[in-house]
Amino acid sequence: MQTKTPHTRVLLHNAAIVTGQGAERGPLGNWESLGWLPHGEVIVAYEGDLWRTVWLGQAQDRDRPHWDSALDLGGRLLTPGWIDCHTHAVFAGDRSHEFAQRLTGKSYAEIAAAGGGIVHTVAATRAASVAELVETAAVRLTEMAAWGTRVVEIKTGYGLDRETELKTLDAVRQLQLRFVGRLTLVPTAMPAHAIPPEYRENPDAYVTLICEEILPALAHAPLPVRFCDVFVEKNYFSVAQADRVWQTAQRLGLRLKAHVDELSAIGGLDWAVAQGAVSVEHLLCTDAVGVAKLAGSDTVAVGLPLTSVFLREGFAPLRALVDAGARVALATDCNPGSSMTTNLALALQIAVLMARLTPPEALRGVTRTAALALDQVDGLTGRIAVGERFESTLLDLTHPDALFYAFAAPPRAHPLVADTLHAASVASRVSVQNRR
Ligand code: NIG
Ligand code: FE
């Protein structure tokens, strides 16, 4: 007999909700402009493989439909699930010695020129087992979840050969299984992260290897990559080399992301926007022309304020980008060389204090615009809206201003919603099986 999938409906009530519904571009002055429901309630339904929002309102609303079970959120703050849309969170080894050198005045570029930098982490990652990669990254992902992150983009790029790039992607697959219900992982191919030592004298041959072997393998892996990212930078990849990588990635059905204007501006921004890149990232040296170019495009500008602090560099022109009308997202850039942190909550605070975004603009940057920077993969829209996939972050706070106030505060994400919905989805699947 055919059985219908039960629609488990859960009412989440007694919450202060920021829905994330509002303008995707331009300045935001107050929480109302980002969908503020101080006495918010939401009904979510489990539909086979994910939770969807079926109703959204306030305690006083009279049109609330039926629900099967209720969860009191104790007046806590509920926002769309935070998306860390730019990380390099799977790697082996550490570079604290390089950090110490930088504190005595050596630059990131000088350390890289002397044989350190990304290739140092590449050697450690090649030598590591997949289990080591999983265990070390699991610590970082656990921290990320505690800060409030619910979706993590993870780039390969510490392998720089077919085997190690695939090993990194396999680690992401295993981590996704381990963190199911807590985190959604979105893998990006980034073999064009640096020139590996064995191709130092012939970088174009490495670009050929990327196109002929590495990208096709990553695009057809058991957990396939969704995006291709390229580090367009002096001593890394020229625009011409990046374009070769992109021509292949495009044929494989991937969307383009690019690290541009991080240490120097070599034309990566113009090229990426012209190619319809879903996002460009870093933008420390982006000038007024670049700002205007982004404002006139759909490409998301991803600001990485913690990298600026960690490298003791200036900030991307995030205020100017928002004012001009560009889509602006924020992320941690979690990586061992230029941003050794998992703390997306701190990225929000630094974006407000140092790069002068308003709090609603910053929160939009890790929700709605971060989802756009991931091309809304797997139905991730970065907002709480009827009919859309439901992903949320619950915080031990009662007002969104508090997110920004207590500086470098300890982790404040609360697992109640994620744990409850995960348990309910498992129970619903079991009851379907028992009826078969
Ligand atoms: O985003 N820009 C290139 N990649 C990283 C740094 C990686 C590393 O130093 O290991 C970044 O800054
Ligand atoms: Fe990066």
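Here the structure is a predicted model, which means the values were calculated and not measured.

Trainee: Give a description of the coordination of the iron ion (ligand 2) that names residues and reports values.
Mentor: Taken together, His 86 (NE2), His 88 (NE2), His 259 (NE2) and Asp 333 (OD) make up the protein donors of the iron ion (ligand 2), found 2.1 to 2.3 Å from the metal. Counting along the primary sequence, the residues that act as donors to the iron ion (ligand 2) give the motif H-x1-H-x170-H-x73-D. Here Asp 333 lies in the loop between strand 13 (328-330) and helix 12 (344-353) and His 259 lies in strand 10 (residues 255-260), a separation of 74 residues in the sequence. For the pair His 259 and Asp 333, a shared accessibility class is recorded, and that class is buried.

Trainee: Give a description of the pattern of salt bridges that names residues and reports values.
Mentor: For the coordinates displayed, the defined rule picks out 22 salt bridges. Here Glu 24 and Arg 327 are joined by a salt bridge, their closest N and O atoms 3.5 Å apart. Placement of Glu 24 in the loop between strand 1 (8-18) and strand 2 (36-47) and of Arg 327 in the loop between helix 11 (318-324) and strand 13 is noted, with a sequence separation of 303 residues between them. Several salt bridges share partner residues, and in doing so they unite Glu 24, Arg 327 and Arg 368 into one network.

Trainee: Give a description of the site of ligand 1 that names residues and reports values.
Mentor: Around ligand 1 lies a shell of 15 residues, among which Arg 95, Tyr 108, Tyr 158, Glu 262 and Ser 338 are the nearest. Note that an oxygen atom of ligand 1 is positioned 3.3 Å from one of the side-chain N or O atoms of His 88. Within the side chain of Arg 95, one N or O atom sits 2.7 Å away from an oxygen atom of ligand 1. Out of a free accessible area of 320 Å², ligand 1 has 100% covered by protein chains. Structurally, ligand 1 is housed in the largest cavity. Looking at side-chain class alone, the shell around ligand 1 contains four nonpolar, eight polar and three charged residues.

Trainee: So what about the layout of surface pockets? Which residues, and what values?
Mentor: Roughly 550 Å³ of volume is contained in the largest pocket. Lining the largest pocket we find 27 residues, and of these Asp 49, Gly 181, Thr 184, Arg 389 and Glu 391 sit closest to its centre. Of all the elements, helix 16 (residues 416-435) adds the most residues to the lining of the largest pocket, at six residues. Within the lining of the largest pocket, the residues separate by chemical class into 13 nonpolar, six polar and eight charged. Contributing to the lining of the second largest pocket are 16 residues, with Ala 112, Ala 113, Arg 200, Asn 235 and Tyr 236 lying nearest its centre. Among the elements of the structure, helix 2 (108-113) and helix 3 (118-127) are those that each provide at least two residues to the lining of the second largest pocket. Counting residues per element, the lining of the second largest pocket draws most heavily on helix 2, which supplies three residues. Looking at side-chain class alone, the lining of the second largest pocket contains 10 nonpolar, three polar and three charged residues.

Basis of the calculations
- Residues numbered from 1 in each chain as written.
- Chains lettered and ligands numbered in written order.
- Predicted model: local features only at pLDDT ≥ 70, side-chain atom pairs only at ≥ 80, totals over all residues.
- Heavy atoms only, no water.
- Donors = N, O, S within 2.8 Å, 3.2 Å for Na, K, Ca; no water.
- Helix = DSSP H or I, 4+ residues; strand = E, 2+ residues; numbered from the N terminus.
- Buried < 20%, exposed > 50% of the residue type's maximum accessible area, 1.4 Å probe, protein only.
- Salt bridge = Lys/Arg side-chain N within 4 Å of Asp/Glu carboxyl O.
- Near = heavy atom within 4 Å.
- Polar contact = N/O pair within 3.5 Å; in protein donor to acceptor, adjacent residues only side chain to side chain.
- Areas by Shrake-Rupley, 256 points an atom, 1.4 Å probe, with all protein chains shown as cover.
- 1 Å grid on protein atoms, 1.4 Å probe; cavity = no way out; pocket = protein on both sides within 12 Å on 5 of 7 lines; lining within 4 Å.
- Sits in = over half its atoms within 2 Å of the grid points.
- Nonpolar A, V, L, I, M, F, W, Y, C, P; charged D, E, K, R; others polar.
- Points joined across faces, edges and corners; volume = space filled by probe spheres on them.

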